[in-house]
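Next come the chains, spelled out residue by residue.
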Amino acid sequence: MVNPSILKISKIGFPWATLDPFLFCVYHEDAYPKGNALLGPDASLRGRNLGQDFAGKDGWRMYHGQTVPGFPAHPHRGFETVTIMRSGYIDHADSLGAAARFGRGDVQWLTAGHGIVHSEMFPLLRSNDPNPLELFQIWLNLPRRSKMALPYFTMLWSEDIPHELITDCRGAVTEVTYIAGSPSTTAIARPPLPPPDSWASDPVADLAIWTIKMSPGSQWTLPAAGSRHPRRTLYHFKGDSLVVDGETIPVRSAVEVDAGQSVELVNGAVPSELLMLQGRPIGEPVAQHGPFVMNTEHELRQAYADYHRTHFGGWPWPDEAPVHGADRGRFAQHADGRLETRAATRGGPLKD
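Let us look at the structure shown here. (Residues numbered from 1 in each chain as written. Predicted model: local features only at pLDDT ≥ 70, side-chain atom pairs only at ≥ 80, totals over all residues. Heavy atoms only, no water.)

### Comments concerning the overall build of the protein chain
Convention followed: The helix and strand labels rest on DSSP assignments: H or I over at least four residues marks a helix, E over at least two residues marks a strand, and numbering proceeds from the N terminus. When we talk radius of gyration, it's over C-alpha atoms, and the globule rule is simply 2.2 Å times the number of residues to the 0.38. For every residue, the accessible area obtained with a 1.4 Å probe (protein chains only) is divided by the maximum for its type, and the residue is called buried under 20%, exposed over 50%, and partly exposed between those limits. Throughout, a residue-residue contact means that at least one pair of heavy atoms, one from each residue, lies within 4.5 Å. Using a 1.4 Å probe, the Shrake-Rupley method yields the accessible areas, and only the shown protein chains count as cover for residues. Only four residue types enter the tally: Lys and Arg on the positive side, Asp and Glu on the negative side, with His and both chain ends excluded. Where a charge lies is defined by one atom per residue type: Lys uses NZ, Arg uses CZ, Asp uses CG and Glu uses CD.
When you go through the protein chain residue by residue, the secondary structure sums to one helix and 24 strands. For 352 residues, the compact-globule estimate of 2.2 N^0.38 gives 20 Å, and the C-alpha radius of gyration of the protein chain, at 20 Å, lies within 12% of that figure. C-alpha extents for the protein chain along the principal axes are approximately 55 × 50 × 40 Å. Sorting the 352 residues of the protein chain into buried and exposed places 53% on the buried side. Put simply, 72% of the contacts in the protein chain that link residues at least 6 apart link residues at least 24 apart. Here the protein chain displays about 15000 Å² of accessible surface, and carbon together with sulfur accounts for 53% of that area. Here the protein chain carries 32 positive and 38 negative side-chain charges, and the mean point of each set is 2 Å from the other.

Now the structure itself:
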């Protein structure tokens, strides 16, 4: 690589490959039709492999859902999920009795810690219009000291997540959304805090999660990180051509850049969107199998044994894929009884 600021360019696969401290990232985009009375698709499910529907027939998937799309009850231990909702909604329920409905740019940051079972269902709340869904889910590792932390989630509501609009000398605009990490200027508020046991809560991690949207022809300089310790990847997932420090990067490319240097981004003729993941590596052994991420094979075997023995607290819901009704707004009911509510529904399903 002749450009010293660009360390590696690779194609985006599925899931997206990531660098320590991240484990991977998945990107879901589904053009769901209008919803039915059960908050599932008002369309035939014939020809779908229900329970394992990942083919994308008609532009959408049921995933592991049978009636409502999504991911019914499943366990995790030893890492975190960061779920960034760009459109559509998720209904969360877990083995601690907590629940949530979030969307409209909200983020749920969940520390699985010593073990949790949760479901993530996609209720189709619009009964007269399509229900597009778009989200990222990022798996972030936990250091050894936090692998067995108490499970916990934090809601980063869209109203509280800082955005910055940067207009270049030609009048073209770049929009940056700061989900985690220091903004590029002190004029922008810092994002809400991640969970207390997260690697992101350790100042040495220099962890950042940003989304970047560039209008046609826009130019913006991505600033250097606060230190030279983190690793940084730009995922160019929408658009056409993008020039990164003089090198043309095709869409659906992952670009590892030197976090210690600022990098000039010049967009092509159509809007482009990027996800930036940055963090100092944890640098510990990773033993992963399915939903468990530990440091050793022995710890993995113990995780499976613990789950089969305790089910991480059981499942207090009437079925494995609960949804929270057609008329409820965005909310989070935490295991300690704390209730957060946002944007109550008025007279029917939520509208984007």
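### A look at the pattern of salt bridges
Here is the rule: Each salt bridge in this description consists of a side-chain nitrogen of Lys or Arg and a carboxyl oxygen of Asp or Glu lying within 4 Å of one another.
Applying the stated criterion to the full structure yields 19 salt bridges. A salt bridge links Arg 145 to Asp 202, with the nearest nitrogen and oxygen atoms 2.8 Å apart. Of this pair, Arg 145 sits in the loop between strand S9 (131–141) and strand S10 (152–156) while Asp 202 sits in the loop between strand S12 (173–180) and strand S13 (208–214); the two residues are 57 residues apart in sequence, bridging distant segments of the chain. Across the pair Glu 340 and Arg 338 runs a salt bridge, and its minimum N-O distance is 3.6 Å. With relative accessibility at 18%, the residue Glu 340 sits in the buried group. The network of salt bridges with common partners includes Glu 29, Arg 86, Glu 134, Lys 238 and Glu 273.

### Brief notes about the sheet that holds strand S19 (residues 263–267)
Keep this limit in mind: Being paired, for any two strands, means DSSP has found at least two bridges between them. Axes here mean lines fitted to C-alpha atoms, for a helix over just the part in contact, with angles spanning 0 to 180 degrees between N-to-C directions.
Judged by pairing direction, the sheet is antiparallel, and its four strands sit side by side in the order S14-S19-S16-S17 without closing on themselves. Each having just a single partner strand, strand S14 (219–222) and strand S17 (247–250) make up the two edges of the open sheet. Put simply, the sheet's adjacent strands are angled 30° from each other on average, direction ignored.

### As for the packing of aromatic side chains
Ring pairs (aromatic) are described by centroid distance and by the angle formed between their planes. Convention followed: Note on aromatic contacts: the rings of Phe and Tyr and the six-membered ring of Trp form a pair at centre separations within 6.5 Å, being stacked when their planes are under 30 degrees apart, edge-to-face when over 60 apart, and tilted otherwise.
Evaluation of the coordinates by the stated rule reveals 20 aromatic pairs. Ring centres 6.0 Å apart and planes at 85° place the aromatic pair Tyr 63 and Phe 122 in the edge-to-face group. With a gap of 59 residues between them, Tyr 63 in the loop between strand S2 (22–32) and strand S3 (70–76) and Phe 122 in the loop between strand S8 (116–121) and S9 connect regions that are remote in the sequence. Three or more aromatic residues joined by ring pairs form one cluster here, namely Trp 16, Tyr 27, Phe 136, Tyr 235 and Phe 237.

### Side note on helix H1 (residues 297–310)
Our working rule: Each residue after the first adds 1.5 Å to the expected span of a helix. This arc describes the spread of directions from the helix axis toward the C-beta atoms.
Here H1 spans 20 Å end to end across 14 residues, near enough to the 20 Å set by a 1.5 Å rise per residue. Among all positions in H1, only Leu 300, Ala 303, Asp 306 and Tyr 307 are buried. Each buried residue of H1 sits inside an arc of 125° when the element is viewed along its axis, so together they form one side. Those residues of H1 that are exposed and angled more than 90 degrees off the buried face are His 298, Arg 301, His 308 and Arg 309. After H1 finishes, the residue His 311 shows a positive phi value of roughly 55°.

### Side note on the pairing of strand S11 (residues 163–167)
Where burial is concerned, the two faces of S11 differ: the one with Glu 164 and Ile 166 is buried and the one with His 163, Leu 165 and Thr 167 is not. Strand direction decides the pairing type here: S11 and S12, joined by five bridges, are antiparallel. If you follow Ile 166 over to S12, its bridge partner there is Thr 174. Between S11 and S12, which follow one another and run antiparallel, lie five residues, and Gly 171 among them has a positive phi close to 90°.

### What to know about the nonpolar core
Where we set the bar: Buried Ala, Val, Leu, Ile, Met, Phe, Trp, Tyr and Cys residues that are joined via side-chain atoms within 4.5 Å together make up what is termed a nonpolar core.
Counting residues in each nonpolar core, the largest one holds 27 residues, and the members touching the most others are Trp 16, Trp 109, Ile 138, Leu 207, Ile 209 and Leu 275. Of all the secondary structure elements, the ones that give two or more residues to this core are S2, strand S4 (79–87), strand S7 (107–111), S9, S12, strand S15 (231–238) and strand S20 (272–279). Non-local contacts of Ile 138, meaning those with residues more than four positions away in its chain, are made with Phe 22, Phe 24, Cys 25, Glu 80, Thr 81, Val 82, Ile 84, Ile 209, Leu 275 and Leu 277.

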